[in-house]
Amino acid sequence: MTDVELRQLRYFVAVAEELNFGRAAERLLIAGPSLSQQIKALERDLGVRLFDRDRRSVSLTPAGAALLPHTRDLLERAEDLKRRAGRLSDSESVRLGYVNWLPPDLVRRTASVARVHIDAWVAPSHTQAARVADGSLDLAVCWVRTEDLKRLGLRARLIGADRLYAVSTGSVTADVSARDTDVLVDDDITSWASWNVYAEELTQATGARAVRISDGAITGPAFFEHVRRCSRPVVNSPKGQTDPLPPDLVRREVVGPKVYWTWSVVRRESEQREGVLAVVDALCEDVGDLGIHAPDAWLPADDPYALPG
C-alpha cells in the first residue's frame, strides 16, 4: 500500500466511470498504454484485480466495485486537504495572547482557518485586553468586564469558565458557603488589578471576607501559606485552578452561590480581517454556557455574560 499514489487512484476512478481505457486515457490526457500500465501497477500494489477486460469490454470486478466509493471518498478528502492548505498559505497570521489558560484543543480548532501564533508574553487580563486594543495583539483570552469592552473598543465571546473552589486546613472536605470563606486581595494592582476587582465584588455580593495581602500570594506556594494562617477556607484564583494541593490542605466546593470566573476571547470592535474573525468563531463554536447561567451560579454584575437582574 505504501506505493499507491493518488494519481493512480484517479486513473482507477476514470476507467471505472468510462469502462473504456481509450476514453479514460483521452479524459486524463495520457497515452492509453501508460494508463493500462498504471492500472496494472495499482492492482499489483493493492493485491486485487480491479477490472475484467478483454478486447471488446471492460467491467469492474467485485473487488473494484467495492473499492470504488472508498477511493472517491479518499480523493475528495485529499482535495479538501489541498484546499485547506491553500487557504492557510494565503492567510494572515493571527497573534493571540493569554493569561494562564488556553483551550486544550486550540490548535485543532484553528488549524484549518488561520496560522495562529501564541504570544510568548504571558500577562494579566487587563494588560492583554489593552494590547488587543492598541493593536499589539489580534486576540487575547482573558477576563474582562462590560465596562472594559466599552472603554477599549473591544468585543468578547465566551470561551471558557472556571468554577472557583476553596482551600482549607484540616480534613473536612464538605461544601462551604461563600459567605464563610476568605478572599485574598493584593496591594499590587499592576499584577492583580483584574482579580482584585473580581474579589472585592465577590465579597460584597456574598458576604465573604476580604483579606488584604501585599506579597503576591494569590497563587503558588505563598497562597498555601496564607491558607494555613487563615481561620476560614480561602477561595482560590483562576491561576491556581490546577495547582496540586499540599497533603495538609483540602479542597472544598464553594456553594450558595457557586462562584465562576469567565474567560473571553476578545478582539477589536473594528476588526474586519477574515482570519481573525474565523479564529474567534472556531474557538467559540459549541462552547455552551459552561454552567454560568445555572440558578445557583454567581458572576460579577458587569461580567459580559451575567444575566440581567
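Refer to the structure presented above.
Attention in this report is confined to the structure presented alongside it. In this text the structure is predicted, and so the values were computed from the model without any measurement. (Residues numbered from 1 in each chain as written. Predicted model: local features only at pLDDT ≥ 70, side-chain atom pairs only at ≥ 80, totals over all residues. Heavy atoms only, no water.)

### Observations concerning the environment of Thr-242
Line of reasoning, step 1. Along the polypeptide, Thr-242 turns up in the loop between strand S11 (234–235) and strand S12 (249–255).
Line of reasoning, step 2. Under the relative-accessibility criterion, Thr-242 is labelled exposed at 71%.
Line of reasoning, step 3. Linking Thr-242 and Ser-270, residues 28 residues apart in sequence, is a C-alpha distance of 35 Å. (Helix = DSSP H or I, 4+ residues; strand = E, 2+ residues; numbered from the N terminus. Buried < 20%, exposed > 50% of the residue type's maximum accessible area, 1.4 Å probe, protein only.)

### What about helix H10 (residues 274–284)?
Line of reasoning, step 1. Buried within H10 we find Gly-275, Val-276, Val-279, Val-280, Ala-282, Leu-283 and Cys-284.
Line of reasoning, step 2. Here the buried face of H10 lies against strand S3 (93–98), helix H5 (106–110), strand S4 (115–118), strand S5 (139–142), strand S6 (154–163) and strand S13 (258–268).
Line of reasoning, step 3. Positive backbone phi, at 60°, marks Asp-286, one or two positions downstream of H10. (Contact = heavy atoms within 4.5 Å.)

### Focus on the side chain of Glu-43
Line of reasoning, step 1. Among the secondary structure elements, Glu-43 is positioned in helix H3 (residues 32–46).
Line of reasoning, step 2. At a separation of 2.7 Å, a polar atom in the side chain of Glu-43 contacts the main-chain amide nitrogen of Leu-50.
Line of reasoning, step 3. Discounting chain neighbours no more than four positions away, the residues touching Glu-43 are Val-48, Arg-49, Leu-50, Phe-51 and Arg-53. (Polar contact = N/O pair within 3.5 Å; in protein donor to acceptor, adjacent residues only side chain to side chain.)

### As for the side chain of Thr-61
Line of reasoning, step 1. Summarising the element assignment, Thr-61 is placed in the loop between strand S2 (58–60) and helix H4 (62–90).
Line of reasoning, step 2. By relative accessible area, which is 4% here, Thr-61 ends up buried.
Line of reasoning, step 3. Apart from residues lying up to four places away in sequence, Thr-61 is in contact with Arg-49, Leu-50, Phe-51 and Asp-52.

### Quick notes on the environment of Gln-37
Line of reasoning, step 1. Looking at where Gln-37 falls in the secondary structure, it is placed in helix H3.
Line of reasoning, step 2. In this structure Gln-37 comes out as exposed when scored by relative accessible area, which is 55%.
Line of reasoning, step 3. For the pair Gln-37 and Val-132, spaced 95 residues apart in the sequence, the C-alpha separation amounts to 59 Å.

### Notes on the packing of helix H2 (residues 21–28) against H3
Line of reasoning, step 1. Closest axis-to-axis distance for the H2/H3 pair is 9 Å, and the angle between their directions is 100°. With respect to H3, the axis of H2 lies roughly perpendicular. Residues Phe-21, Ala-24, Ala-25 and Leu-28 of H2 lie in contact with H3, whose contacting residues are Gly-32, Leu-35, Ser-36 and Ile-39.
Line of reasoning, step 2. The residue inventory of the contact of H2 with H3, partitioned by class, reads six nonpolar, two polar and no charged. (Axes fitted to C-alpha atoms, helices over the stretch in contact; angles between N-to-C directions. Parallel < 35°, antiparallel > 145°, perpendicular 65-115°, else oblique. Nonpolar A, V, L, I, M, F, W, Y, C, P; charged D, E, K, R; others polar.)

### Let's talk about the packing of aromatic side chains
Line of reasoning, step 1. Within the structure shown, the criterion is met by 11 aromatic pairs.
Line of reasoning, step 2. Here Trp-195 and Tyr-198 contribute two aromatic rings whose centre-to-centre distance is 5.5 Å and whose plane-to-plane angle is 25°, an arrangement assigned as stacked. With a gap of three residues between them, Trp-195 and Tyr-198 both fall in helix H8 (residues 189–206), about one helical turn apart. As far as the burial class goes, Trp-195 and Tyr-198 line up, both buried.
Line of reasoning, step 3. With a centroid separation of 5.9 Å and an interplanar angle of 65°, the aromatic rings of Trp-261 and Trp-263 are classed as edge-to-face. Neither Trp-261 nor Trp-263 differs from the other in exposure class; each is buried.
Line of reasoning, step 4. Among the aromatic residues, ring-to-ring pairing joins Trp-101, Trp-143, Trp-195, Tyr-198, Trp-261, Trp-263 and Trp-298 into one connected group.
Line of reasoning, step 5. One Lys or Arg, Arg-251, reaches over the ring of Tyr-165 and ends 3.8 Å from the middle of that ring. (Phe/Tyr/Trp six-rings, centres within 6.5 Å; stacked < 30°, edge-to-face > 60°. Lys NZ or Arg CZ within 6 Å of the ring centre and 35° of its normal.)

### Quick look at the nonpolar core
Line of reasoning, step 1. In terms of nonpolar packing, the biggest core is built from 55 residues, with Leu-139, Trp-195 and Tyr-198 touching the most fellow members.
Line of reasoning, step 2. Not counting residues up to four positions away in its chain, the partners in contact with Trp-195 are Leu-164, Val-183, Leu-184, Ile-218, Asn-236, Ser-237, Pro-238 and Trp-261.
Line of reasoning, step 3. Membership of the second largest hydrophobic core comes to 19 residues, among which are Tyr-11, Ile-39, Leu-42 and Leu-68. (Core = buried A, V, L, I, M, F, W, Y, C linked by side-chain atoms within 4.5 Å.)

### Focus on helix H9 (residues 221–229)
Along an α-helix, residues three or four positions apart point the same way, because every turn accommodates 3.6 residues.
Line of reasoning, step 1. Of all the residues in H9, the buried ones are Phe-223, Phe-224, His-226 and Val-227. Mapping the buried residues of H9 onto a view down its axis gives an arc of 155°, with all of them on the same face. Along H9, the residues that are exposed and aim more than 90 degrees away from the buried face are Pro-221 and Arg-229.
Line of reasoning, step 2. Lining the buried residues of H9 we find strand S7 (165–169), strand S9 (182–186), strand S10 (209–213), S11 and S12. (Arc of directions from axis to C-beta.)

### Quick notes on unusual backbone geometry
For residues that are not glycine, phi is negative in most cases, and the peptide bond is trans in most cases.
Line of reasoning, step 1. Cis geometry is found at the peptide bond from Gly-256 to Pro-257, where omega equals 10°.
Line of reasoning, step 2. If you trace the backbone, Pro-257 turns up in the loop between S12 and S13.
Line of reasoning, step 3. Even without being a glycine, Leu-290 presents a positive backbone phi close to 60°.
Line of reasoning, step 4. Looking at where Leu-290 falls in the secondary structure, it is placed in the loop between H10 and strand S14 (297–298).
Line of reasoning, step 5. Look at Leu-290 and you get partly exposed, because its relative accessible area is 36%.

### Remarks on the packing of helix H1 (residues 6–18) against H2
Line of reasoning, step 1. Axis separation between H1 and H2 bottoms out at 8 Å; the angle between their running directions is 130°. On the basis of their axis angle, the class for H1 and H2 is oblique. Relative to H2, H1 is oriented so that their crossing is right-handed. Contact residues: Tyr-11, Ala-14, Val-15, Glu-17 and Glu-18 in H1; Phe-21, Arg-23, Ala-24, Arg-27 and Leu-28 in H2.
Line of reasoning, step 2. Residues of the contact of H1 with H2, tallied by class, amount to six nonpolar, no polar and four charged. (Left-handed = near helix turned anticlockwise from the far one by under 90°.)

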